[in-house]
Amino acid sequence: MYGFLIAVGVLLLLSIIWMVYRIQTLVSVVKGSDKKIASSSNKINAILFVVFLVAVGGLMFWYSIKEFDNYQLPIASEHGVVTDQLFWITMAVTGVVFLITHVLLFIFPYKYQYKENRKATFYPDNNKLEIIWTVVPGIVLAGLVISGWMAWSDITAPAPENAHVVEIMGYQFAWDIRYPGKDNILGDYDYRLTTAQNGMGVDFSDKNAIDDFSSPVVVIPKGEPVLFKIRARDVLHSVFAPHMRLKMDAVPGMPTRFWFVPTKTTAEMREELGNPEFNYEIACTEICGQGHNSMRRVIEVVEPAEYQKWVSEQKTFIQTNPALADGIEVEVKEVADIQK
Ligand SMILES: [Cu+2]
């Protein structure tokens, strides 16, 4: 109630100030002194433009310098070097243009503010100038776009045959991780098979699914290609691993993928940063609902030998929950029994 009254009070006050200003303007028009007022208000506005340039420009620089470390997280993947290079080249080109145009944008209103005895120059067109400012940005932008496109088609090209496959499925509000086991082939899945015990809807009648296993942590080997197969169970999510420079949407009904080569183990990165607590992580970057912020998974990059050892120690879905094998064909079950 008080809030409402205060709002009404503020509104009334603002409308009174506005009315006083209007009356004053009208009186000055009648008196003939309005021209003087216009020129003094022009002057104030012109100065405010410069004040804005200095204050907001200063704030921008202060913030950029203060937060600079956040713009250059250490890179832990091969393609990350390329994407960062592209980022900084684009930043340099657009940054210089941004600075020049915006300094002029705010300085010109000051420099060319209204003066009684000054007449504006009549300058209708200049074909040469038009061609220059169309062709030069055209060439520069085409260069940026083409180099970005080439890098992107390299990064999104099919993964090498020997890539280690990891499936990542997003749902409200977590990630489920599935490994293909020894055969490196993920078993089929079908959303209609989703149950409380089988959250990823894995089809255990497919023999490739028999040795599939799950893990709370995404463990991957250093220096070897890793292929993330990404999907979502309910709404849009997005897999974001900033140190890997990896970002890919998780879309229900439309599986996506991203392959990369990690270049530093978690232990190496901890040493580099001098932070024994450091962990690579996956975060969700699609505002997917109330628990969006809790969608975090740790990525652990280890040496290849350690990775092989870890894989061989994992228990398959069926080993942890034999009931999942209920109702599947005897033939397939036998394979499962052998592997138990
Ligand atoms: Cu999400």
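Residues numbered from 1 in each chain as written. Predicted model: local features only at pLDDT ≥ 70, side-chain atom pairs only at ≥ 80, totals over all residues. Heavy atoms only, no water.

## Regarding the overall build of the protein
So, point 1. Within the protein, the secondary structure is distributed over eight helices and ten strands.
So, point 2. Radius of gyration (C-alpha) of the protein: 31 Å, far over the 20 Å computed for a compact globule of 340 residues.
So, point 3. A separation threshold of at least 6 residues defines the contact pool for the protein, and within that pool the share at least 24 residues apart is 69%.
So, point 4. For the protein, the accessible surface area stands at approximately 22,200 Å², while carbon and sulfur atoms represent 65% of it. (Helix = DSSP H or I, 4+ residues; strand = E, 2+ residues; numbered from the N terminus. Rg over C-alpha atoms; globule rule 2.2 N^0.38 Å. Contact = heavy atoms within 4.5 Å. Areas by Shrake-Rupley, 256 points an atom, 1.4 Å probe, with all protein chains shown as cover.)

## Remarks on the UniProt feature "domain: Cytochrome oxidase subunit II transmembrane region profile" (unreviewed entry) in the protein
So, point 1. When the UniProt feature table is mapped to this numbering, "domain: Cytochrome oxidase subunit II transmembrane region profile" (unreviewed entry) covers residues 59–159.
So, point 2. Counting secondary structure, residues 59–159 comes out at 70% helix and 0% strand; the distance between its end C-alpha atoms is 44 Å. (UniProt positions renumbered as here; feature names shortened; annotations may be inferred.)

## So, the nonpolar core
So, point 1. Membership of the largest hydrophobic core comes to 36 residues, with the highest contact counts inside it found for V166, W175, Y179, V218, I220, F228 and I282.
So, point 2. The element that contributes the greatest number of residues to this core is strand β5 (residues 226–232), accounting for four residues.
So, point 3. Residues in contact with I282, not counting those within four places in the same chain, are I168, W175, V218, F228, V239, F240, A241, M295, R296, R297 and I299.
So, point 4. Residues A174, M200, A209 and I210 belong to the second largest nonpolar core, which totals 13 residues. (Core = buried A, V, L, I, M, F, W, Y, C linked by side-chain atoms within 4.5 Å. Buried < 20%, exposed > 50% of the residue type's maximum accessible area, 1.4 Å probe, protein only.)

## Focus on the sheet that holds strand β7 (residues 246–250)
Strand pairing within a sheet occurs via backbone hydrogen bonds; the two strands may be parallel or antiparallel.
So, point 1. Across the sheet, which stays open at both edges, the five strands sit in the order β4-β10-β9-β6-β7 with mixed pairing between neighbours. Where the open sheet ends on each side, the last strands, each with one partner, are β4 (218–221) and β7. Between one strand axis and the next, the sheet turns by 25 degrees as a mean value, whatever way the strands run.
So, point 2. Where strand β6 (residues 237–241) lies against β7, five bridges are found, and the strand directions are antiparallel. Across the sheet, the residue bridging to H237 is A250, located in β7.
So, point 3. On top of the sheet, helix α6 (residues 304–313) reaches β4 and β10 (296–302); it is set at about 135 degrees to β4, its chief contact. (Pairing = 2+ DSSP bridges. Axes fitted to C-alpha atoms, helices over the stretch in contact; angles between N-to-C directions.)

## Some thoughts on the domain arrangement of the protein
So, point 1. Looking at the protein, the domain boundaries give domain 1 (42–113 + 128–157) and domain 2 (164–339).
So, point 2. Between domain 1 and domain 2, the residue contacts involve 15 residues of the former and 17 residues of the latter.
So, point 3. Summing both sides of the interface, domain 1 and domain 2 together bury roughly 1,300 Å²; the carbon and sulfur share of this comes to 54%.
So, point 4. There are one salt bridge connecting domain 1 and domain 2.
So, point 5. Along the contact surface separating domain 1 from domain 2 lie eleven residue pairs in polar contact (both at pLDDT 80 or more).
So, point 6. Put simply, the parts of the chain that give the side of domain 1 that touches domain 2 at least two residues each are α3 (78–111) and α4 (127–155).
So, point 7. At five residues, the largest contribution of residues to the side of domain 1 that touches domain 2 is made by α3.
So, point 8. Partitioned by chemical class, the residues of the side of domain 1 that touches domain 2 number seven nonpolar, six polar and two charged. (Domains from an automatic or database assignment. Buried area = accessible area lost by both parts, 1.4 Å probe. Salt bridge = Lys/Arg side-chain N within 4 Å of Asp/Glu carboxyl O. Polar contact = N/O pair within 3.5 Å; in protein donor to acceptor, adjacent residues only side chain to side chain. Nonpolar A, V, L, I, M, F, W, Y, C, P; charged D, E, K, R; others polar.)

## Notes on the side chain of T316
So, point 1. Its place among the elements puts T316 in the loop between α6 and α7 (317–320).
So, point 2. Look at T316 and you get buried, because its relative accessible area is 12%.
So, point 3. Discounting chain neighbours no more than four positions away, the residues touching T316 are I210, D211, D212 and F213.

## Remarks on α3
So, point 1. Between its first and last C-alpha atoms α3 spans 50 Å; for 34 residues at 1.5 Å apiece the expected length is 50 Å, and the two agree.
So, point 2. Listing the buried residues of α3 in full gives H79, G80, D84, L86 and F106. (Expected span 1.5 Å × (residues − 1).)

## Regarding a nonpolar patch on the surface
So, point 1. Judged by side-chain polarity, M1, Y2, F4, L5, I6, V8, V10, L12, L13, L14 and I17 come together as a nonpolar surface patch covering roughly 1,200 Å² of accessible area.
So, point 2. Relative to the helices and strands, L13 resides in helix α1 (residues 2–31). (Patch = residues over 30% accessible without salt bridge, like charges linked within 9 Å, V, L, I, M, F, W, Y side chains within 5 Å.)

## Considerations on the packing of α3 against α4
So, point 1. Relative to each other, α3 and α4 sit at 165 degrees, their axes nearing to 11 Å. Taken together, the axis directions place α3 and α4 in an arrangement best described as roughly antiparallel. The way α3 lies across α4 gives a crossing that is left-handed. Residues H79, V82, T83, L86, I89, T90 and V93 of α3 touch α4, and the partners they reach there are V140, L144, S147, G148, A151 and I155. (Parallel < 35°, antiparallel > 145°, perpendicular 65-115°, else oblique. Left-handed = near helix turned anticlockwise from the far one by under 90°.)

## Considering the coordination of the copper ion
So, point 1. The copper ion binds to the protein through H237 (ND1), C284 (SG), C288 (SG) and M295 (SD); the donor distances cover 2.0 to 2.5 Å.
So, point 2. In this structure, the copper ion is surrounded by four donor atoms whose angles at the metal cover 93 to 124 degrees, and the resulting shape is tetrahedral.
So, point 3. Of note, the donors binding the copper ion are all from one chain and are spaced H-x46-C-x3-C-x6-M. Of this pair, H237 sits in strand β6 while C284 sits in strand β9 (residues 280–284), placing them 47 residues apart in sequence. The same class applies to H237 and to C284, which are both buried. (Donors = N, O, S within 2.8 Å, 3.2 Å for Na, K, Ca; no water. Tetrahedral: all angles 85-135°; square planar, octahedral: opposite > 155°, others 65-115°.)

## Quick look at the packing of aromatic side chains
So, point 1. Following the criterion strictly, the structure yields 13 aromatic pairs and no others.
So, point 2. Members of the aromatic cluster, connected to one another through ring pairs, are Y179, F213, Y307 and W310.
So, point 3. One Lys or Arg, R231, reaches over the ring of Y189 and ends 3.5 Å from the middle of that ring.
So, point 4. Stacked on the ring of Y171, the Lys or Arg R233 has its end atom at 4.4 Å from the ring centre. (Phe/Tyr/Trp six-rings, centres within 6.5 Å; stacked < 30°, edge-to-face > 60°. Lys NZ or Arg CZ within 6 Å of the ring centre and 35° of its normal.)

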